[in-house]
Amino acid sequence: MTAPPPAIECRALAKSYGEVRALRGLDLSVPAGSIFGLLGPNGAGKTTLLRLLTGLRRATAGTARIEGEPVGPETARSIGYLDQDPRFYPWMTGLELLRLSGSLCGLRGSALRAGVDHAIDIAGLAEFVRRRIAGYSGGMRQRLGIAQSIVHDPRILLLDEPVSSLDPEGRHDVLEVLARLRGTSTVVVSTHILGDVERVCDRVAILDHGALIVESEKEALLERYATPVYEVEFAGADAAAADRVTELIRARPWATSVTRAGSLLRIATSGTDGAGVELFALLANAQYPVERFERSRPSLEDVFLRLLARPGSASGS
Amino acid sequence: MTLGILLRKELVEQWRTMRMPSLLVVFLFIGIASPASARYMPKLMEAIGGPTFAAAFPTPTILDAYAQLAKNIAQLGALVVVVISMAAVSSERDRGTLAFLLSKPVGRGAFLAGKLAGLGATIALGMLAAAVAAYLYTGLLFAPPGPAFGLLCFASFLCLLVFATITLAASVITGSAVAAGGTGLGALVIFGVVSMLPNVGVYTPAGAVTRAVEVVSGAGADSLIAPLLAQVAFVAVAFAAALATFRHQEI
């Protein structure tokens, strides 16, 4: 018995816009049923990849397959897509848009009604679904975008920045929705919010300049790049002294990433033996009061910054 | 089935965005004003220039009403059709709704066919409004039109569909509503000039409508077949050009 094809498979997928190479021979496989986080800085090629998978754009070279079939009008039936900046007909109501969306995906009669009701429920649209879209806020439009992408219960969901314009409650709701889809649908989420990916995704791919930097199970990725991370919370209020201590740490060769938010300093190290001891000694010598010193688990953000080796990754914020 | 869904969406959109009501008002006006202006033109001229001036105008007949209707449809009607067609595709692209539609299982051919069917249905409704008004007013002011009046209305509809399809194709190819409108107006002018040429003029939209007036006036209906087929060919060529371009465009 042959194994089912992956939900999404890209082989040497390339896309150029004139001189700009948005994707450079991408090889990527997304297993069915996974919640797949697509990470990368602006211009990494995330949106281009999702648009190629929907058929809205055409590859310059290589192939993209959805459940084993080349991307085309037929594969669109298996896909639900949310654009980065979803725009809909202002003269329609949300309900009309969901009905249109379901109808175009082949739903009729009671199946259409059930699909629309389910999508309204999931996206929390009930309050404003009968209003004209012209009056929707960005967050409402985003919720409507999510609803239209799931109205036909697609096997594969492609979501481009699905929580970017949602308030914290909306973000929480959407992440809950994604978590509930685990095992039943394949979800590919492109986002800048690494914490969200860490919370819901079970696989992660990091793109940069159109190339795949790494693709792995999230836990394996964290494990592989699990160099120690230390958190130091300053107790004093002397900002200049805190700056001096931060600069001292940053100058150490084992400090791969040093970020500071207020009194909290987060130091990712290269894993050198003795980095923790040296850091502790450095803090003691600086004689600046410290409230907390802790070795913590590296986050996806630490891995992301390390893999991309951005110049800003070593600077405080 | 997809085409039916898209057609319904197009019609609702044209109604709610006031394009269809505006077109209906203009076409209703054309239907009422054409026989009325044909009937009262001599009296109007008499009021302006006196009896001597009015004598230059022969007594109006029902054929003048037909000719006036044909002229108004081919000029004012075509202008309105260009205006409602110019943003058909470019506005979907600019608004970002094209990505929403084409990420669904909607073929690009079906999308464009839905657009053309929507424009065709709106024009047909407008033409129906003009035809009913013109029929009633012609009957009131002259005599009830004969069955050939339907042929004139059909030829007028085809003439308008040519301008709608050319403008739609320009909307796809240029991606700009302004450029599409300019192309539609350009086609109106060029076809207008060519329609005055002997032999070939009859195959232009305005020429076909003029021939339809002649048929209503008693000429053989056979002479209208080739001009009408020419209009169908214009529609087919413009649509094929739009589709060939649209299939290769990226969203």
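Given the structure is predicted, the values throughout are model-derived calculations rather than measurements. (Residues numbered from 1 in each chain as written. Chains lettered and ligands numbered in written order. Predicted model: local features only at pLDDT ≥ 70, side-chain atom pairs only at ≥ 80, totals over all residues.)

This next bit is on the overall build of chain A. Along chain A, the regular secondary structure elements total 10 helices and 14 strands. Burial statistics for chain A: of 317 residues in total, 41% are counted as buried. Considering only intrachain contacts with a sequence separation of at least 6, the fraction spanning at least 24 residues in chain A is 71%. (Helix = DSSP H or I, 4+ residues; strand = E, 2+ residues; numbered from the N terminus. Buried ≥ 20, exposed ≤ 12 C-beta atoms within 10 Å, placed from the backbone. Contact = placed C-beta atoms within 7 Å.)

Summing up its helical and strand segments, chain B has 10 helices and zero strands in all. The N-to-C order of helical and strand elements in chain B reads α-α-α-α-α-α-α-α-α-α. Relative to a compact globule of 251 residues, whose C-alpha radius of gyration would be 18 Å, chain B shows 20 Å and is just as compact. Reported as C-alpha extents along the three principal axes, the dimensions of chain B are approximately 65 × 40 × 30 Å. For chain B, the proportion of its 251 residues judged to be buried stands at 46%. Pairs at least 24 residues apart make up 78% of the contacts formed inside chain B by residues separated by at least 6 positions. (Rg over C-alpha atoms; globule rule 2.2 N^0.38 Å.)

With that settled, the discussion passes to the sheet that holds strand S13 (residues 264–269) of chain A. All names here are of chain A. On the basis of which strands lie adjacent, the open sheet formed by four strands has the order S12-S13-S11-S14 and antiparallel pairing. One side of each edge strand has no neighbouring strand; the edge strands of this open sheet are strand S12 (255–261) and strand S14 (290–296). For this sheet, the mean angle separating the axes of adjacent strands, direction not counted, is 15 degrees. Examined bridge by bridge, strand S11 (residues 229–234) and S13 share five bridges and lie antiparallel to one another. Counted as the bridge partner of Val 232 is Leu 265 from S13. On top of the sheet, helix H8 (residues 239–250) reaches S11, S12 and S13; it is set at about 160 degrees to S12, its chief contact. Relative to the sheet, helix H9 (residues 275–286) contacts S11, S13 and S14, its axis offset from that of S14 by approximately 175 degrees. (Pairing = 2+ DSSP bridges. Axes fitted to C-alpha atoms, helices over the stretch in contact; angles between N-to-C directions.)

Our focus in this paragraph is the confidence of the model for chain B. For chain B, the mean per-residue pLDDT works out to 94, and 100% of the residues sit at or above 70. Both scores are given for the predicted complex: the pTM is 0.84, the ipTM 0.89. (pLDDT = per-residue confidence, 0-100.)

Turning next to the sheet that holds strand S4 (residues 61–66) of chain A. Residues and elements named next belong to chain A. In space, the four strands of this open sheet follow the order S2-S1-S4-S5, with antiparallel pairing throughout. Strands at the two margins of the open sheet, each flanked by one partner only, are strand S2 (20–30) and strand S5 (69–70). In the sheet, strand S1 (residues 8–17) pairs with S4 via five bridges, with the strands oriented antiparallel. Along S4, the bridge assignment pairs Glu 9 with Arg 65.

To continue, consider H9(A). Residues and elements named next belong to chain A. With 12 residues, H9 extends 16 Å between its outermost C-alpha atoms, agreeing within 8% with the 16 Å of an ideal straight helix rising 1.5 Å per residue. The inward-facing, buried residues of H9 abut S11, H8, S13 and S14. Looking one or two residues past H9, Gln 287 carries a phi angle of roughly 55 degrees, positive in sign. (Expected span 1.5 Å × (residues − 1).)

This part takes up the interface of chain A and chain B. Between chain A and chain B, the residue contacts involve 19 residues of the former and 19 residues of the latter. Considering every element that reaches the side of chain A that touches chain B, the biggest residue donor is helix H2 (residues 94–104) of chain A, with four residues. Its residues placed into classes, the side of chain A that touches chain B shows 10 nonpolar, three polar and six charged. (Nonpolar A, V, L, I, M, F, W, Y, C, P; charged D, E, K, R; others polar.)

Quick look at the pairing of strand S6 (residues 79–82) of chain A now. Walk down a regular strand and you will see the side chains alternate between the two sheet faces. All names here are of chain A. Residues Ile 79 and Tyr 81 point to one face of S6 and Gly 80 and Leu 82 to the other, with burial holding for every one of them. Where S6 meets strand S7 (residues 156–160), four bridges bridge the pair, whose relative direction is parallel. Considered in S7, the bridge of Tyr 81 is made with Leu 158.

Residue position: Ser85(B) is located in helix H3 (residues 62–85). Of the residues examined, Ser85(B) has 30 C-beta atoms within 10 Å and is grouped as buried.

This part covers the environment of Ser296(A). Residue and element names in this part refer to chain A. Relative to the helices and strands, Ser 296 resides in strand S14. Classification of Ser 296 as exposed rests on a count of 11 C-beta atoms within 10 Å. Setting aside residues up to four positions removed in sequence, Ser 296 forms contacts with Val 229 and Glu 231.

A separate point is the nonpolar core. By size, the foremost hydrophobic cluster in this structure holds 144 residues, and its most contacted members are Ala147(A), Ala70(B), Cys159(B), Leu160(B), Phe163(B) and Val209(B). At 17 residues, helix H7 (residues 148–174) of chain B tops the list of elements feeding residues into this core. Ignoring sequence-local partners within four residues, the contact set of Phe163(B) consists of Ala78(B), Val81(B), Val82(B), Gly184(B), Ala187(B), Leu188(B) and Pro205(B). One finds Phe234(A), Leu265(A), Leu279(A) and Leu283(A) within the second-largest nonpolar core, a separate group that totals 14 residues. (Core = buried A, V, L, I, M, F, W, Y, C linked by C-beta atoms within 7 Å.)

What follows concerns unusual backbone geometry. All names here are of chain A. At Glu 161, a position not held by glycine, the phi torsion is positive, near 50 degrees. Overall, the presence of 20 C-beta atoms within 10 Å leaves Glu 161 in the buried class. The backbone of Gln 287 shows a phi angle near 55 degrees, a positive value even though the residue is not glycine. Mapped onto the fold, Gln 287 is located in the loop between H9 and S14.

Before going further, it helps to examine the packing of H3(B) against H7(B). Residues and elements named next belong to chain B. Following both chains from N to C, one finds H3 and H7 inclined at 25 degrees, their axes separated by 9 Å at the closest point. As the angle between them shows, H3 and H7 are arranged roughly parallel. Here H3 runs over H7; the crossing is right-handed. Touching Tyr 66, Ala 70, Ile 73, Ala 74, Gly 77, Ala 78, Val 81, Val 82 and Ser 85 of H3 are Leu 152, Ser 156, Cys 159, Leu 160, Phe 163, Ala 164, Thr 167 and Leu 168, all from H7. (Parallel < 35°, antiparallel > 145°, perpendicular 65-115°, else oblique. Left-handed = near helix turned anticlockwise from the far one by under 90°.)

Residues and elements named next belong to chain A. Contact geometry for H8 and H9: axes closest at 11 Å, N-to-C directions at 150 degrees. Judged by the angle between their axes, H8 and H9 are roughly antiparallel. By crossing handedness, the relation of H8 to H9 is classed as right-handed. On the side of H8, the interface is formed by Val 245, Leu 248 and Ile 249, while H9 contributes Leu 279, Leu 282 and Ala 286. By residue class, the composition of the contact of H8 with H9 is six nonpolar, no polar and no charged.

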